[in-house]
Amino acid sequence: DGSLIEKIHYDKIISPQFTSQEYGIEDPRISFIDNRYYMTTCCVSSERHSTMLYVSEDGLNYSSLGIVLDHQNKDMLLFEGKINEKFYALTRPMGECYFASPADSLYHPGAAIHLSSSTDLLHWKPFDNAFLRSRRSSLSNVKIGGGTPPVLTKDGWLLLYHGVENKTEVGIYRTFWALLDKDEPSKILHLADASPLIEANPDITANISDQIYLNDVVFTTGMAEHNGDFILASGELDLACRITIIPKEYFSIIS
């Protein structure tokens, strides 16, 4: 059920190897593709913010394939499977400034989720058109970004992402979801951005309330199938790991 810790593999630690990682490695996301585990990570340094790709045959021993995105990108997520013989990924390029949206635009300016494709996982071509942006009518009025690597369901590619609502310095982080066409992932079949899938739950962190330094933050990063459910792994207030079990039928758009 995702709640039992079998072993903590400190002997398999992935630590900085390059100057591009001088301040550390963060935000790992793991996707299982063609019987291999691929992990994207953010590399933090004074020279650049980049995304590095790692690969493993067993999910424990990882080796670096090098930098694949040479710019600040906080959420690169690989689709768990090829589409028409290509690899696909969600990206979220970051910047210091954004131009205001036109007055009649449906969207807020700011960081958004974009699509890229690749033939080798190393060289990526961004799609020319925008993909998933924060809508003015949604709760995510600051920014959105990737959460879990997209997984293929009977209805299409299921992805969970985070949306941020403006409040205090950090904002309110919630988890939302979308369903994409299985053959053309740029087609959004269903977008559930009106109400969150997961919100921060104060009851979960009540016993460590003395350690809390921010509120209203849940950040979902992993999703695994188990029988008729999806097991979701999230960070709660940057203090604890949270497991949420949701039936697969919840995400179905076919009655």
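Structure shown above.
If you're wondering where the values come from, they're calculated on a predicted model, not measured in any experiment. (Residues numbered from 1 in each chain as written. Predicted model: local features only at pLDDT ≥ 70, side-chain atom pairs only at ≥ 80, totals over all residues. Heavy atoms only, no water.)

Run through the overall build of the protein chain, naming residues and quoting values.
From N to C terminus, the protein chain includes zero helices and 16 strands. Each principal axis of the C-alpha distribution contributes one length, and for the protein chain these read about 50 × 50 × 45 Å. When the 255 residues of the protein chain are sorted by exposure, 42% land in the buried category. Contacts in the protein chain between residues far apart in sequence, at least 24 positions, make up 47% of those at least 6 positions apart. Accessible surface, the protein chain as shown: approximately 13,800 Å² in total, 50% of it carbon and sulfur. In the protein chain, the 21 positive side-chain charges and the 34 negative ones have mean positions that sit 4 Å from each other. (Helix = DSSP H or I, 4+ residues; strand = E, 2+ residues; numbered from the N terminus. Buried < 20%, exposed > 50% of the residue type's maximum accessible area, 1.4 Å probe, protein only. Contact = heavy atoms within 4.5 Å. Areas by Shrake-Rupley, 256 points an atom, 1.4 Å probe, with all protein chains shown as cover. Lys, Arg positive; Asp, Glu negative; His and termini not counted. Charge placed at Lys NZ, Arg CZ, Asp CG, Glu CD.)

Provide a residue-level description of the side chain of S117, including the pertinent values.
Within the element layout of this structure, S117 appears in strand β7 (residues 114–118). By relative accessible area, S117 is classed as buried at 10%. Once residues within four sequence positions are removed from consideration, S117 is found in contact with K86, F87, Y88, H123, W124, K125 and F127.

Residues and numbers for the pattern of salt bridges, please.
All told, the structure shown has 17 salt bridges when counted by the stated rule. We note a salt bridge from K82 to D34, for which the minimum N-O separation is 3.6 Å. Of this pair, K82 sits in the loop between β5 (77–78) and β6 (87–91) while D34 is found in the loop between β1 (24–33) and β2 (36–44), placing the two residues 48 residues apart along the sequence. Residues joined by salt bridges that share partners form a network here, namely E26, D27 and K74. (Salt bridge = Lys/Arg side-chain N within 4 Å of Asp/Glu carboxyl O.)

Account for the nonpolar core, naming residues and giving values.
Nonpolar side chains in soluble globular proteins tend to be buried together. With 16 residues, the main nonpolar core has F79, L90, I113, F131, L132, L159 and Y161 as its most contacted residues. Counting residues per element, the ones that place at least two in this core are β6, β11 (156–165) and β12 (172–180). Residues in contact with L132, not counting those within four places in the same chain, are A112, I113, I144, L159, Y161, I188 and L191. L158, W177, L179 and F230 belong to the second-largest nonpolar core, a separate cluster that totals 14 residues. (Core = buried A, V, L, I, M, F, W, Y, C linked by side-chain atoms within 4.5 Å.)

Hey, could you go over a nonpolar patch on the surface for me, with residue numbers and the actual values?
On the surface, a nonpolar cluster with roughly 400 Å² of combined accessible area is contributed by I5, I8 and Y10. Mapped onto the secondary structure, I5 falls in the segment before β1. (Patch = residues over 30% accessible without salt bridge, like charges linked within 9 Å, V, L, I, M, F, W, Y side chains within 5 Å.)

Before we move on, could you go through the sheet that holds β2 and cite the residues and values that matter?
Ordered by their spatial adjacency, four strands build an open sheet running β1-β2-β3-β4, and the pairing between neighbours is antiparallel. Strands with a single pairing partner mark the edges of an open sheet, and in this sheet they are β1 and β4 (62–69). Mean inter-strand twist for the sheet, computed between neighbouring axes without regard to direction, equals 25°. Note that β1 and β2 share eight bridges and pair antiparallel. Each residue of the ladder has a partner; that of E26, found in β2, is C42. (Pairing = 2+ DSSP bridges. Axes fitted to C-alpha atoms, helices over the stretch in contact; angles between N-to-C directions.)

Provide a residue-level description of the sheet that holds strand β16 (residues 240–247), including the pertinent values.
Spatial strand order, β14-β15-β16: three strands in an open sheet with antiparallel pairing. Every interior strand has two partners, whereas the edge strands, β14 (218–226) and β16, have only one. For this sheet, the mean angle separating the axes of adjacent strands, direction not counted, is 25°. As paired elements, β14 and strand β15 (residues 229–236) share eight bridges and run antiparallel to each other. Within the sheet, the bridge partner assigned to G222 lies in β15 and is A233.

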